[in-house]
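Chain by chain, the residues run as shown.
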Amino acid sequence: MKVLLIHIKELLQVHQNPPQWLAGEDMGQLPILRNAWLLLNGDLIEAYGPMEEVPQGNFPKIIDCTGRIVLPTWCDSHTHIVFAGNRSGEFVARLKGMTYQEIADNGGGILNSALTLQNTSETKLMQQASKRLEELMYLGTGAIEIKSGYGLSLDAEMKMLRVIQRLKNKYPLAVVATFLGAHAVPKEFAHNKQGYINQICHEMIPAITKESLASYIDVFCEQGYFSAEETQQILSAGKQYGLTPKIHVNQFNAIGGVAVGVKNEALSVDHLELITDEDIEVLKDSKTMPVALPGCSFFLSIPYTPGRKIIDSGLPLAIASDFNPGSAPSGNMNFVVATACIKMRLTPEEAINAATINGAYAMGLGHEYGSITPGKKASVIITQELESYVQLPYAFGENHIDQVILNGRII
Ligand code: NIG
Ligand code: FE
């Protein structure tokens, strides 16, 4: 079905030939067409242009966007939305003074979520994850990466990945799956970490790739979790089976993970609340996207990724929600965009680029999502009436979205 959007006040991120990503000063450029039309044909964008040249004829559906902004849907390249239950008890414990790391050291944290998930059926897990994903669709997310990593056993990791595959088949948004078996060391292997790494490399990776349940491989490279050397081992094993690295690095400590990621041609290195000058040098001339997760910094009250420094060094930057039960229990990309501006001092143009074109690149979906380009997916956000797109991060916490179209379907 053809859908024609007319009288669009500002059509954002219009590119006939979109770049793969935007870096450095280019991140400040957001191409805008004012008083525009946009034609969607089935699940694809067909064309756009100024209202003086609006196509004539009979269209099955015309949407009047007077006073409204239209932009590509958010590309959330880092989430853990398939989890069981929640960790609100740990949240309250933190408010009373315990730290995130102290909670994890006492058997809480990721291991707590793993225990709950192991005891939750696939059906229940699917129900809980579906509800979260549906809410995100209404908040304008049109493409999302989802990680495993709360299973920590072959069966439970497979259960998580099957749920991710079912979500992908059920909803009109793009879903990509990442295998994160190396998210934490399970209790049974507390004194035999290499034994667990062997299980990841020799049992889990072959089984998961045999059923094509993941495209990417992730490791939590952090003190007390997996070292740079262990990360290298796991990424090598994943790459042998065709999994591309996308890793957690530098959340609390910089232990060499960025260099390992770049060496292994990681698509992205995520978190980077701490980033050294050497890390920045290593990222230059690489194809690895740095990804900041401001919702995690907000929720844990830890430093924000120095996004300003990263962009001012000439690098690209993407932003994502990190939606998970422990460090960021929200997948609201509108909040992520606002927080990137307010707390990381990105300009609205930089934050929107980070959450669209660069986010799409960071999950391998740049050819289909992230810009208003003929031939890309018909996934757009139509806002309420707004003075300009600057209102999106400025009036933070308000829902500015009126309608969302995902792969041509008005939801
Ligand atoms: O990205 N840092 C590691 N993993 C998640 C949080 C995991 C959890 O606390 O459940 C993150 O922040
Ligand atoms: Fe994460």
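Residues numbered from 1 in each chain as written. Chains lettered and ligands numbered in written order. Predicted model: local features only at pLDDT ≥ 70, side-chain atom pairs only at ≥ 80, totals over all residues. Heavy atoms only, no water.

1. Some details on the sheet that holds strand β11 (residues 268–271)
Logical step 1: Sheet architecture is open: eight strands sit in the order β6-β7-β8-β9-β10-β11-β12-β13, paired in parallel fashion. Each having just a single partner strand, β6 (74–76) and β13 (318–319) make up the two edges of the open sheet.
Logical step 2: Sheet analysis places β6 next to strand β7 (residues 141–147), joined by three bridges and oriented parallel. Of the residues in β7, the one forming a bridge with Cys75 is Ala143. (Pairing = 2+ DSSP bridges. Helix = DSSP H or I, 4+ residues; strand = E, 2+ residues; numbered from the N terminus.)

2. Looking at the domain arrangement of the protein chain
A common way to report how large an interface is uses the accessible area buried once the components associate.
Logical step 1: On domain assignment, one finds that the protein chain holds domain 1 (2–72 + 372–410) and domain 2 (74–361).
Logical step 2: The gap between the C-alpha centroids of domain 1 and domain 2 is 29 Å.
Logical step 3: With 27 residues of domain 1 at the interface, the matching set in domain 2 holds 32 residues.
Logical step 4: Buried area between domain 1 and domain 2, both sides added, is near 2,500 Å², and the carbon and sulfur share of it is 71%.
Logical step 5: On the domain 1 side of the contact with domain 2, Trp21, Met27 and Leu406 bury the most area, a combined 27% of that side's loss.
Logical step 6: On the surface where domain 1 and domain 2 come into contact, there are zero salt bridges.
Logical step 7: Between the two partners, domain 1 and domain 2, sit eight residue pairs in polar contact (both at pLDDT 80 or more).
Logical step 8: Counting only elements with at least two residues in the side of domain 1 that touches domain 2, the list comes to β5 (68–72), α15 (391–394) and β15 (401–406). (Domains from an automatic or database assignment. Contact = heavy atoms within 4.5 Å. Buried area = accessible area lost by both parts, 1.4 Å probe. Salt bridge = Lys/Arg side-chain N within 4 Å of Asp/Glu carboxyl O. Polar contact = N/O pair within 3.5 Å; in protein donor to acceptor, adjacent residues only side chain to side chain.)

3. Section: the site of ligand 1
Logical step 1: For ligand 1, the set of nearby residues contains 15 residues, the closest of which are Arg87, Tyr100, Tyr150, Gln251 and Ser327.
Logical step 2: The separation between an oxygen atom of ligand 1 and a polar side-chain atom of His248 is 2.9 Å.
Logical step 3: Here ligand 1 loses 100% of its free accessible area of 330 Å² to cover by the protein chains.
Logical step 4: Structurally, ligand 1 is housed in the largest cavity.
Logical step 5: Among the residues making up the shell around ligand 1, the classes are represented as four nonpolar, nine polar and two charged. (Near = heavy atom within 4 Å. Areas by Shrake-Rupley, 256 points an atom, 1.4 Å probe, with all protein chains shown as cover. 1 Å grid on protein atoms, 1.4 Å probe; cavity = no way out; pocket = protein on both sides within 12 Å on 5 of 7 lines; lining within 4 Å. Sits in = over half its atoms within 2 Å of the grid points. Nonpolar A, V, L, I, M, F, W, Y, C, P; charged D, E, K, R; others polar.)

4. Quick word on the packing of helix α6 (residues 193–210) against helix α7 (residues 228–240)
Logical step 1: Put simply, α6 and α7 touch, their axes get as near as 9 Å, and they point 15 degrees apart. In terms of orientation, α6 lies roughly parallel with respect to α7. Between α6 and α7 lies a crossing whose hand is right-handed. Contacts between α6 and α7 pair Lys193, Gln194, Ile197, Ile200, Cys201 and Ile205 from the former with Glu230, Gln233, Ile234, Ala237 and Gly238 from the latter.
Logical step 2: In terms of residue class, the contact of α6 with α7 is built from six nonpolar, three polar and two charged. (Axes fitted to C-alpha atoms, helices over the stretch in contact; angles between N-to-C directions. Parallel < 35°, antiparallel > 145°, perpendicular 65-115°, else oblique. Left-handed = near helix turned anticlockwise from the far one by under 90°.)

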